[in-house]
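Chain by chain, the residues run as shown.
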Amino acid sequence: MTDQTDQNWDRLWTNVNLATVTDNGAAYGAILQGALAVVDGRIAWVGTAAELECFEWTAREITDCGGRWMTPGLIDCHTHLVYGGDRAREFEMRLQGASYEEIARAGGGILSTVRATRAASAEDLLQSATERARRLVAEGVTTIEIKSGYGLDFASERKMLQVARALGRALPVEVRTTFLGAHAVPPDYVGDRAGYVRHVADDMLPGLAAEGLVDAVDAFCEGIGFSLDETRLIFERARALGLPVKLHAEQLSDLGGAGLAADFTALSADHLEFVSEPSLQCMSASGTVAVLLPGAFYFLHETRKPPVELMRRHGVAMAVATDCNPGTSPTTSLLLMMNMAAVLFGLTPEETLQGVTRNAARALGLGDRGMLAIGLRADLALWDITSPAMLSYMIGAQPPVEIWRA
């Protein structure tokens, strides 16, 4: 795969095996004994060492990778990384047999995180989120999606999204923000669900979007969350504002949320343990990515798995993410999620790598990354492994040797 239109490169990596994650006919899109060149933060050439010898080129910097493997930078496409407090006591109560209702009566559940997040300063939220993000970055993550949804009022949702933006400036990682005002009904709107949904759609979303804080819009469409009609109202407002949508769907029951997401050409529908085959057919037609979240499945002792074979049969792209959050998936290891997706859900190691690179990029609407291909961002991770399968084989214990972002 050569492009000789520009042979004056900023940097060249040689003696490297490339998992390009492209459809080049080889597993993982592999190019053995390869080389990769970059100009202005973009991949300018990729191919074999033998091809490299067939024409003249120059590079200001050359890196010998010692026969290691290079992949695209990893992408965590579903997180709730910014929040206050923790839910360790709730975890302990659940292990002792307490029900969700008992935990809620004791002050637990999502509203406990809402209280802690509202009370925390932006500085405190940034400090705690930075520590979580650093652990992801150390594993080769170069792009992270961060949702709001633990503020549930304008000021607190704004604070969360501002912290997410600040995190992208503080660390070598690109942050994509998602507004999740429809995460739960806050205490101040008990008894007035309709009023809260209108507040989300008519006040919070337009106001936050006007400040440039929103890259996408999400909702929790579930029996304990928001109905199809409530979700549709919010999605219609998002569409009017020109914002793409995503959806927490079919985690606990089949409400048809994935089908609704497909109707709005959603970037992704996430969780999907209870998704139906007709909804998957709609997702396939709309190009909506299925984001699988094995951390929450494991943490909540779920038994119903996402229908991976049906997703394959209907050509639905599958992404994998941490769902990092304090209540149901308190993890900051995307590599561990790759292992869990393979062991718990039956994805192949190649599918898990696609799930945290090219399919994760699609789930965020980012067509400029996720593969090692000419013209894409040079987000790169170098691994001291014998094959790409080791990234899902090792249980979260194989950090990259080096990471480059653009």
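Residues numbered from 1 in each chain as written. Predicted model: local features only at pLDDT ≥ 70, side-chain atom pairs only at ≥ 80, totals over all residues. Heavy atoms only, no water.

### Here's the deal with the overall build of the chain
Okay, so step 1: Across its full length, the chain holds 16 helices and 15 strands.
Okay, so step 2: What you see for the chain is a C-alpha radius of gyration of 21 Å, in line with the 22 Å of a compact globule of 406 residues.
Okay, so step 3: Dimensions of the chain along its principal axes, counting C-alpha atoms only, are 70 × 40 × 40 Å.
Okay, so step 4: The buried share of the chain, taken over its 406 residues, is 58%.
Okay, so step 5: For the chain, long-range pairs separated by at least 24 residues make up 72% of all intrachain contacts whose partners lie at least 6 apart in sequence.
Okay, so step 6: Side chains of the chain carry 34 positive and 50 negative charges; the gap between the two charge centres is 4 Å. (Helix = DSSP H or I, 4+ residues; strand = E, 2+ residues; numbered from the N terminus. Rg over C-alpha atoms; globule rule 2.2 N^0.38 Å. Buried < 20%, exposed > 50% of the residue type's maximum accessible area, 1.4 Å probe, protein only. Contact = heavy atoms within 4.5 Å. Lys, Arg positive; Asp, Glu negative; His and termini not counted. Charge placed at Lys NZ, Arg CZ, Asp CG, Glu CD.)

### Quick look at the UniProt feature "binding site: Zn(2+)" (unreviewed entry) in the chain
Okay, so step 1: In the numbering adopted here, UniProt assigns the feature "binding site: Zn(2+)" (unreviewed entry) to His78, His80, His248 and Asp323. The annotated residues occupy 246 residues of the chain but converge on a single region, no pair of C-alpha atoms lying more than 12.3 Å apart.
Okay, so step 2: Within the element layout of this structure, histidine 80 appears in the loop between strand 6 (74-76) and helix 2 (88-95).
Okay, so step 3: Mapped onto the secondary structure, aspartate 323 falls in the loop between strand 13 (318-320) and helix 13 (334-345).
Okay, so step 4: With residues near it in sequence (within four places) discarded, aspartate 323 still touches His78, Thr79, His80, His271, Leu293, Ala296, Thr328 and Ser329.
Okay, so step 5: Within the structure, the side chain of aspartate 323 is placed 3.3 Å from the side chain of histidine 80, a separation counted as a polar contact. (UniProt positions renumbered as here; feature names shortened; annotations may be inferred. Polar contact = N/O pair within 3.5 Å; in protein donor to acceptor, adjacent residues only side chain to side chain.)

### Details of the packing of helix 7 (residues 193-210) against helix 8 (residues 228-240)
Okay, so step 1: Interhelical geometry of helix 7 versus helix 8 gives an angle of 15° and a closest axis separation of 10 Å. When the axes of helix 7 and helix 8 are compared, the pair comes out roughly parallel. The chirality of how helix 7 crosses helix 8 is right-handed. Contact residues: Arg193, Val197, Val200, Ala201, Asp202, Leu205 and Pro206 in helix 7; Glu230, Leu233, Ile234, Arg237 and Ala238 in helix 8.
Okay, so step 2: Looking at the contact of helix 7 with helix 8 residue by residue, the class counts come to eight nonpolar, no polar and four charged. (Axes fitted to C-alpha atoms, helices over the stretch in contact; angles between N-to-C directions. Parallel < 35°, antiparallel > 145°, perpendicular 65-115°, else oblique. Left-handed = near helix turned anticlockwise from the far one by under 90°. Nonpolar A, V, L, I, M, F, W, Y, C, P; charged D, E, K, R; others polar.)

### Quick look at helix 6 (residues 154-170)
Okay, so step 1: With 17 residues, helix 6 should cover 24 Å at 1.5 Å per step; its first-to-last C-alpha distance of 24 Å lies within 8% of that length.
Okay, so step 2: Taken together, the buried positions of helix 6 are occupied by Ser156, Glu157, Lys159, Met160, Leu161, Val163, Ala164, Arg165, Ala166 and Leu167.
Okay, so step 3: The inward-facing, buried residues of helix 6 contact helix 4 (110-119), helix 5 (122-138), strand 7 (141-147), strand 8 (174-182) and helix 7. (Expected span 1.5 Å × (residues − 1).)

### With respect to the packing of aromatic side chains
Any pair of aromatic rings gets described here by the distance separating the centres and the angle formed by the planes.
Okay, so step 1: Scanning the entire structure with this criterion turns up 10 aromatic pairs.
Okay, so step 2: Arranged with centres 5.1 Å apart and planes meeting at 75°, the rings of phenylalanine 297 and phenylalanine 345 form a pair that is edge-to-face. Of this pair, phenylalanine 297 sits in helix 11 (residues 294-299) while phenylalanine 345 sits in helix 13; the two residues are 48 residues apart in sequence, bridging distant segments of the chain.
Okay, so step 3: Since its relative accessible area comes to 6%, phenylalanine 297 is described here as buried. (Phe/Tyr/Trp six-rings, centres within 6.5 Å; stacked < 30°, edge-to-face > 60°.)

### Regarding the side chain of asparagine 17
Okay, so step 1: Within the secondary structure, asparagine 17 is located in strand 1 (residues 8-19).
Okay, so step 2: Looking at asparagine 17, the relative accessible area reads 13%, which means it is buried.
Okay, so step 3: Separated by 3.0 Å, the side chain of asparagine 17 and the backbone nitrogen of glutamine 33 make a polar contact.
Okay, so step 4: Aside from chain neighbours lying at most four places away, what touches asparagine 17 is Ile31, Leu32, Gln33, Gly67, Arg68, Trp69 and Met70.

### Some thoughts on the sheet that holds strand 12 (residues 289-292)
Okay, so step 1: On the basis of which strands lie adjacent, the open sheet formed by eight strands has the order 6-7-8-9-10-11-12-13 and parallel pairing. Unpaired on one side and paired on the other, strand 6 and strand 13 mark the two borders of the sheet. Recorded for the sheet is a direction-independent mean angle of 25° between the axes of neighbouring strands.
Okay, so step 2: As paired elements, strand 7 and strand 8 share five bridges and run parallel to each other. Across the sheet, glutamate 145 pairs through a bridge with arginine 176, a residue of strand 8. (Pairing = 2+ DSSP bridges.)

### Examining the pairing of strand 14 (residues 380-383)
Okay, so step 1: Because side chains alternate across strand 14, one face comprises the buried residues Leu380 and Leu382, and the other comprises Ala381 and Trp383, equally buried.
Okay, so step 2: Across four bridges, the pairing between strand 5 (residues 69-72) and strand 14 is antiparallel. Bridge pairing in strand 14 links threonine 71 to alanine 381.
Okay, so step 3: Pairing of strand 14 with strand 15 (residues 402-404) involves three bridges; the strand directions are antiparallel. Looking across to strand 15, one finds that alanine 381 is bridged to isoleucine 403.

### Structural notes on the pattern of salt bridges
Okay, so step 1: If you walk through the whole model with that rule in mind, you get 24 salt bridges.
Okay, so step 2: Arginine 60 is the partner of aspartate 10 in a salt bridge, and the nearest nitrogen-oxygen pair spans 2.1 Å. Residue aspartate 10 is located in strand 1, and its partner arginine 60 is located in strand 4 (residues 58-64); the two are separated by 50 residues in the primary sequence.
Okay, so step 3: Residues aspartate 23 and arginine 358 are paired through a salt bridge, measuring 3.2 Å at the closest nitrogen-oxygen approach. Pair noted here: aspartate 23 is in the loop between strand 1 and strand 2 (30-39) and arginine 358 is in helix 15 (residues 358-363), with a separation of 335 residues, a long-range link. (Salt bridge = Lys/Arg side-chain N within 4 Å of Asp/Glu carboxyl O.)

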